[in-house]
Amino acid sequence: MSELPKAYNPQDVEDRWYRYWESNGLFNAEVNRNKKPYTIVIPPPNVTGMLTMGHVLNNTIQDILIRWKRMQGYEACWIPGTDHAGIATQNAVERALSKEGLNRHDLGREKFIQRVWEWKETYGGVIIQQLRKLGVSCDWRRERFTMDEGLSEAVKEVFVRMFDKGLIYRGKYIVNWCPFHQTALSDDEVDYSESNGHLWHIRYPIEGSSEHAVVATTRPETMLGDTAIAVHPKDERYKKLIGKTAILPLVGRKIPIIADEFVDMTFGSGMVKVTPAHDPNDFLLGQRHHLPQINIFDETAHLNESVPKRYEGLDRFECRKRVVQDLEAGGFLVKTELHVHNVGTCYRCHTVIEPYLSDQWFVKMKPLAAPALRVVHNGKVRFHPQRWEKVYEHWMTNIRDWCISRQIWWGHRIPVYYTPDGTFTAARSEEEARKKLGIAADVPLRQDEDVLDTWFSSWLWPFSTLGWPKDSEDLRYFNPTDTLVTGPDIIFFWVARMIMANMEFMRGEPRLDGKPRKNEEDVVPFRDVYFTSIIRDAQGRKMSKSLGNSPDPLEVINEYGADALRFTIAYLAPLGQDVFFSVEKCEIGRNFANKIWNAGRFLLMNKTEILGSNAGELDLTTLPVEHLDLADRWILSRLHHAIRDYDRALTGFHLNETTKVLYDFIWHDFCDWYVELVKTRFYGDEPQEVKRVVVTRALWIFDQALRMLHPVMPFVTEELWQHLTDRKGQALIRTQFPAANERWIDPKTEADMEFVQNVINAIRNIRGENNIAPSKEISVQVRSDNSVLETYGSYLRKLARVASIRQIGSGEKPKLASSAIVNGTEIYVPLEGLIDVEVERARLQKEIARLAASVENIQKKLANPNFVDRAPREVVQKEQEKLSNFEASLEKLRRNLEQLA
RNA sequence: GGACGCUUAGCUCAGCUGGUUCAGAGCGCCGCCCUUACAAGGCGGAGGUCGUAGGUUCGAUCCCUACAGCGUCCA
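Description of the structure in this document. (Residues numbered from 1 in each chain as written. Chains lettered and ligands numbered in written order. Predicted model: local features only at pLDDT ≥ 70, side-chain atom pairs only at ≥ 80, totals over all residues. Heavy atoms only, no water.)

Turning our eyes to something else, we now look at the overall build of chain A. Scanning chain A from terminus to terminus reveals 30 helices and 29 strands. In terms of overall size, chain A is more extended than a compact globule, its C-alpha atoms giving a radius of gyration of 37 Å where 901 residues would be expected to give roughly 29 Å. Principal axes of the C-alpha set define a box for chain A whose edges measure 120 × 65 × 55 Å. Looking at chain A as a whole, 54% of its 901 residues qualify as buried. (Helix = DSSP H or I, 4+ residues; strand = E, 2+ residues; numbered from the N terminus. Rg over C-alpha atoms; globule rule 2.2 N^0.38 Å. Buried < 20%, exposed > 50% of the residue type's maximum accessible area, 1.4 Å probe, protein only.)

Below you can see the structure in the form of structure tokens.
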């Protein structure tokens, strides 16, 4: 075996192990009736996307969970894949085309789609390769893409079934229209932000009268499509106007003045203009009053031929200016106010959304929502942190129908077929459509031009990736999946809808035992949902491409290593809190990796030293229990503590707590104390046989630590684990995870060790305060009734650089010494000629002040009869013990201070 | 306007069910040290009346109420 380099270099290690794991099938999962499955489906990233810090966090968490469960003996299956990101991908390809001076219509639908597939083949693999760099242990054989044949089957099947059930319908409604993409968007694809605008007050003359109506609007150009004015029926100011006719300025159209309770009497003048084709509220109002709907825009939000010639062809914002000018010139503009209002923009291109009347397809959500709401209420699906349940509940109880059609080409084409006379049906194929419509093979049939919202395929992900609509062992075994890890920002887009879809379509499908699923726990898509933090930069801004504040994770991995990035991000990510990330913070992880590396290096050096040439055959499968000393029993107690805490933390999805447990155990307990203590045995004059046992045990404990750390830092742990001994083809990734054994957790041992540690700390403090060089050895005198120090005084030699310890009698005491009291034990460091009396006095005074304050506090407490009577007896007793201990220590400290010359 | 979250050391944050020196960690800072695993390190040290005001309790960083500031989502 070759010597390990002095510093850990991840680049020498990571790719090599990733290749090994993958090519040996160590990520793979198969149906195994002897094991419990543990399944995660990846939130599919956009196929043409690049890895972001958000992906890093999300996938690190998934990998930690999946590796942990795998090592615990579950059949751990992590299904990866990507989605086709309809609008985003089409957009990217159209941009590329425009560089060639082409648009999609030049190519035609078929050729264009082919172009997108080519694009996908070229750039689609990037994010998947990037994920590998992070070390994720997905079963790559199971990789899926939402436009795959199988998944497209699922989409079609779902659409047709829902159509037949009346859960999908078509209608002319106001939708959110993106004039840039020229497509409808669903409600949650619109971002709202406050914007400074104006409120224009416009005068509409009333026919046959000198009176006029004044309406206020933030969008004056829409007046060209007005078909009414509305007032509140109870509004005394305007009652007399109801039923009269107003003349629309600039247009001359006669429009009625109607009454509707919807009108807000307090807003503006209390009269509103009604534009049914360009405002969702006006649309509903228009339906109630059977008003005409005049659409004044084309798909690009330019004015169409329904408006006076002088406005035709103008862009909507250009038109706004022109209309305001003309209103003013005509004397119709009463006043203009500044006004802050919410403006909706496209979540992809940030173009202002236009409410637009068009034919679209919708999913009826109410019937799906009820069961989905129930399983979250009754805990069949648990959210972490739980508070997201409220958000979910609010959305689910106020749910609106989902607009699923998109006027683009890249996506699943809507499986609806029309005959020339306009009748239509949904079908899995043209033949089926003909059958359903009852028409002959020669009647021309036209398929709907639109495609489906990308989320219409992602909401099927937990079962479509497992082969549905085909039945399979995989589907029966791995669905319901176990944990979903995703961001709260897509709780509506995705999480809620997956619950709905899985419950709707998995009901009745066979379980592993062959019986049809009907219980809620069999039809939910997953049991736990972990909502990740949002990654922000050091200033707290969301990371985004446009701000340029998002580090490239690949560069971070190159600089610090994937393990360092993984550890750091998990360490920084508390459950439910945002993460403020900056690249330099990866030093936490890098330094930790290096620390572990060097601990391993140290152990291996001593292994070779002590065991000699046959060290490679060392058996590390069982813990050697011979020659246990305090440090051994202590570290084993700490180890099992750590395992238990780790288990609790991770079970509760406290990722940061999990990493802290690892960090504290490995760095502080193992490296700072245990390794230092075994040095006393390695370098001491113990028999060779004892040294052999001690080094083997240290390696065994380190082996356990590597297992625990592996899910978080897979690369460095696998590399070291392989170095510890000849593994005969075994790999850490598939090794049993440590289980906490309460038998090893021993409070007495921990208390004894803590006492020794405190004594060492006290001596170190004396050394530090008195500026004694680490190289200078000192002698110590103690007065103690604690036998631990007698037995394990040798621990002080190495850790406090103590040359000799002498027990002293009651009267005895060095003349000039620095002193400390630890749990009643008096410690004296004679420092003839070295001690600065002033420094020492200050030290003691500080300690006295601290203790005196504590004593006073406890005295006050114990003097309070309420406390003594009402607090639990153990608490009171503990306080009393504390008091007498502190008082005794205080007494000794004061005497030492007095006697200081 | 409604819902939720946050406020702890100079900075970034832990503190999961009220009581163990519970007031912590990392970074930064100060001092000493290249002690034969690690200077990406070791040892020591300074730094906080836990946002404010009340309340519950024998006891509050922790539970309740109000307020202030910041943030997110929804309307």
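Bringing the pattern of salt bridges into the picture now. Pairing is possible between side chains that carry opposite charge, provided their charged atoms lie close to one another. Under the defined criterion, the tally for this structure stands at 63 salt bridges. Two residues, Glu100 and Arg115, come together in a salt bridge whose shortest N-O distance is 2.7 Å. Pair noted here: Glu100 is in the loop between helix 3 (86-99) and helix 4 (104-107) and Arg115 is in helix 5 (residues 109-123), with a separation of 15 residues, a long-range link. Overall, the relative accessible area of 25% leaves Arg115 in the partly exposed class. For Arg288, the salt bridge is made with Asp260, and the minimal N-O distance between the two is 3.1 Å. Of this pair, Arg288 sits in helix 8 (residues 280-289) while Asp260 sits in the loop between strand 11 (254-259) and strand 12 (271-274), and the two are 28 residues apart along the sequence. Given a relative accessible area of 7%, Asp260 falls into the buried group. Via salt bridges that share partners, Glu30, Asp139, Arg141, Arg142 and Asp474 belong to a single interconnected network. (Salt bridge = Lys/Arg side-chain N within 4 Å of Asp/Glu carboxyl O.)

Close contact between helix 21 (residues 630-651) and helix 25 (residues 747-769) brings their axes to 9 Å; oriented N to C, the two are set at 115 degrees. Along this stretch, helix 21 crosses helix 25, giving a crossing that reads as left-handed. Each of Leu630, Arg633, Trp634, Ser637, Arg638 and His641 in helix 21 lies in contact with helix 25, whose residues at this interface are Thr749, Glu750, Asp752, Met753, Val756 and Gln757. Among the residues making up the contact of helix 21 with helix 25, the classes are represented as four nonpolar, four polar and four charged. (Axes fitted to C-alpha atoms, helices over the stretch in contact; angles between N-to-C directions. Left-handed = near helix turned anticlockwise from the far one by under 90°. Contact = heavy atoms within 4.5 Å. Nonpolar A, V, L, I, M, F, W, Y, C, P; charged D, E, K, R; others polar.)

Attention shifts here to the protein's contact with RNA strand B. Taken together, the neighbourhood of RNA strand B is formed by 49 residues, with Asn598, Arg601, Lys846, Arg870 and Lys882 sitting nearest. Each atom of RNA strand B within 4 Å of the protein belongs either to a base or to sugar and phosphate, the latter forming 70%. At 3.0 Å, a side-chain N or O of Tyr683 approaches a phosphate oxygen of RNA strand B. Among the secondary structure elements, those contributing two or more residues to the surface near RNA strand B are helix 11 (388-397), helix 20 (587-611), helix 22 (655-682), helix 25, helix 28 (837-863), helix 29 (865-870) and helix 30 (873-899). The leading source of residues in the surface near RNA strand B is helix 20, at nine residues. A per-class count over the surface near RNA strand B returns 17 nonpolar, 13 polar and 19 charged. (Near = heavy atom within 4 Å. Polar contact = N/O pair within 3.5 Å; in protein donor to acceptor, adjacent residues only side chain to side chain.)

All of the buried residues in helix 18 (residues 553-560) are Pro553, Leu554, Val556, Ile557 and Tyr560. Relative to the axis of helix 18, the buried residues are bounded by an arc of 160 degrees and lie together on one face. Opposite the buried face of helix 18, by more than 90 degrees, sit the exposed residues Glu555 and Glu559. Residue Asp552 occupies the N-cap position of helix 18, its side-chain oxygen lying 2.9 Å from the main-chain nitrogen of Leu554. Directly beyond the C-terminal end of helix 18, a positive phi value near 100 degrees is found at Gly561. (Arc of directions from axis to C-beta.)

Within the open sheet, the four strands sit side by side as 10-11-9-12. Their pairing is mixed. Looking at the sheet topology across the chains shown, the edges are occupied by strand 10 (245-247) and strand 12. Strand-to-strand twist of the sheet, defined as the mean angle between neighbouring strand axes without regard to direction, takes the value 30 degrees. Bridge analysis of strand 9 (residues 228-231) against strand 12 gives four bridges, and the strand direction is antiparallel. The partner of Ile229 across the bridge, within strand 12, is Lys273. (Pairing = 2+ DSSP bridges.)

Its 27 residues place the ends of helix 30 39 Å apart at the C-alpha level, agreeing with the 39 Å of an ideal helix rising 1.5 Å per residue. Where helix 30 is concerned, the buried positions are Val876, Glu879, Leu883, Ser889, Leu890, Lys892, Leu893, Asn896 and Leu897. Its buried side turned inward, helix 30 meets strand 28 (817-822), strand 29 (825-830), helix 28 and helix 29. (Expected span 1.5 Å × (residues − 1).)

With that settled, consider the side chain of Thr717. Tracing the backbone through its elements, the reader meets Thr717 in helix 24 (residues 714-724). When sequence neighbours within four positions are dropped, the list of residues in contact with Thr717 reads Leu706, Leu709, His710 and Leu732.

A separate point is the environment of Phe262. Along the chain, the position of Phe262 falls in the loop between strand 11 and strand 12. The partly exposed category is assigned to Phe262, whose relative accessible area is 44%. Spatially, the C-alpha atom of Phe262 lies 51 Å from that of Tyr123, the residues being 139 residues apart in sequence. Filtering out sequence-adjacent residues up to four positions away, Phe262 remains in contact with Asn281, Leu285 and Arg288.

On the surface, Asp552, Glu555, Glu559, Glu584 and Glu587 cluster together into a patch of negative charge. Note on placement: Asp552 falls in the loop between strand 24 (535-536) and helix 18. Classification of Asp552 by relative accessible area gives partly exposed; the value is 31%. (Patch = residues over 30% accessible without salt bridge, like charges linked within 9 Å, V, L, I, M, F, W, Y side chains within 5 Å. Areas by Shrake-Rupley, 256 points an atom, 1.4 Å probe, with all protein chains shown as cover. Lys, Arg positive; Asp, Glu negative; His and termini not counted. Charge placed at Lys NZ, Arg CZ, Asp CG, Glu CD.)

Right, let's get into unusual backbone geometry. For residues besides glycine, phi is generally negative; the peptide bonds are generally trans as well. Across the junction of His384 and Pro385, the peptide omega takes the value -5 degrees, indicating a cis bond. Tracing the chain through its elements places Pro385 in the loop between strand 15 (382-384) and helix 11. Cis geometry is found at the peptide bond from Trp468 to Pro469, where omega equals 15 degrees. When you line up the elements, Pro469 lands in the loop between helix 14 (461-464) and helix 15 (473-478). A positive phi is found at Gln182, a non-glycine position, where the angle reads about 55 degrees. Following the sequence through the fold, Gln182 ends up in the loop between strand 5 (168-178) and strand 6 (183-185). Given the relative accessible area of 30%, Gln182 is considered partly exposed. In this structure, Phe653 takes a positive phi of about 65 degrees despite not being glycine. Considering the arrangement of structural elements, one finds Phe653 in the loop between helix 21 and helix 22.

Ranked by size, the top nonpolar core spans 204 residues in total, and within it Phe159 and Phe456 carry the most contacts. No other element matches the 15 residues that helix 22 contributes to this core. Setting aside residues no more than four positions away along its own chain, Phe456 makes contact with Val155, Val158, Phe159, Ile168, Val363, Trp402 and Ile404. In terms of nonpolar packing, the next biggest core, distinct from the first, is built from 35 residues, Trp177, Met271, Leu314 and Cys403 among them. (Core = buried A, V, L, I, M, F, W, Y, C linked by side-chain atoms within 4.5 Å.)

Moving on, we come to the pairing of strand 23 (residues 528-531). With burial as the criterion, each face of strand 23 is covered, one bearing Asp528 and Tyr530 and the other bearing Val529 and Phe531. As paired elements, strand 15 and strand 23 share three bridges and run parallel to each other. Directly across from Arg382, in strand 23, lies its bridge partner Asp528. Where strand 22 (residues 483-486) meets strand 23, four bridges bridge the pair, whose relative direction is parallel.

A separate point is the packing of aromatic side chains. Enumeration according to the criterion identifies 47 aromatic pairs in this entry. Through a chain of ring-to-ring contacts, three or more aromatic side chains come together here, namely Phe159, Phe163, Trp361, Trp402, Tyr418, Phe424, Phe456 and Trp459. One cation-aromatic arrangement involves Lys69 over Trp68; the distance from NZ or CZ to the ring centre is 4.6 Å. (Phe/Tyr/Trp six-rings, centres within 6.5 Å; stacked < 30°, edge-to-face > 60°. Lys NZ or Arg CZ within 6 Å of the ring centre and 35° of its normal.)

Attention shifts here to the sheet that holds strand 19 (residues 424-426). Pairing between the strands of a sheet is mediated by backbone hydrogen bonds and can be parallel or antiparallel. With antiparallel pairing, three strands are arranged side by side in an open sheet as 19-18-20. Of all the strands in the sheet, just strand 19 and strand 20 (446-447) have a single pairing partner and so form its edges. As judged from the three bridges shared by strand 18 (residues 416-418) and strand 19, these two strands associate in the antiparallel manner. Among the inter-strand pairings, Val416 is bridged to a residue of strand 19, identified as Ala426. Contacts between helix 7 (residues 149-164) and the sheet are confined to strand 18 and strand 19, with strand 19 contributing the most and set at about 125 degrees to the helix. Contacting strand 18 and strand 19, helix 12 (residues 430-437) runs over the sheet at an angle of about 130 degrees to strand 19.

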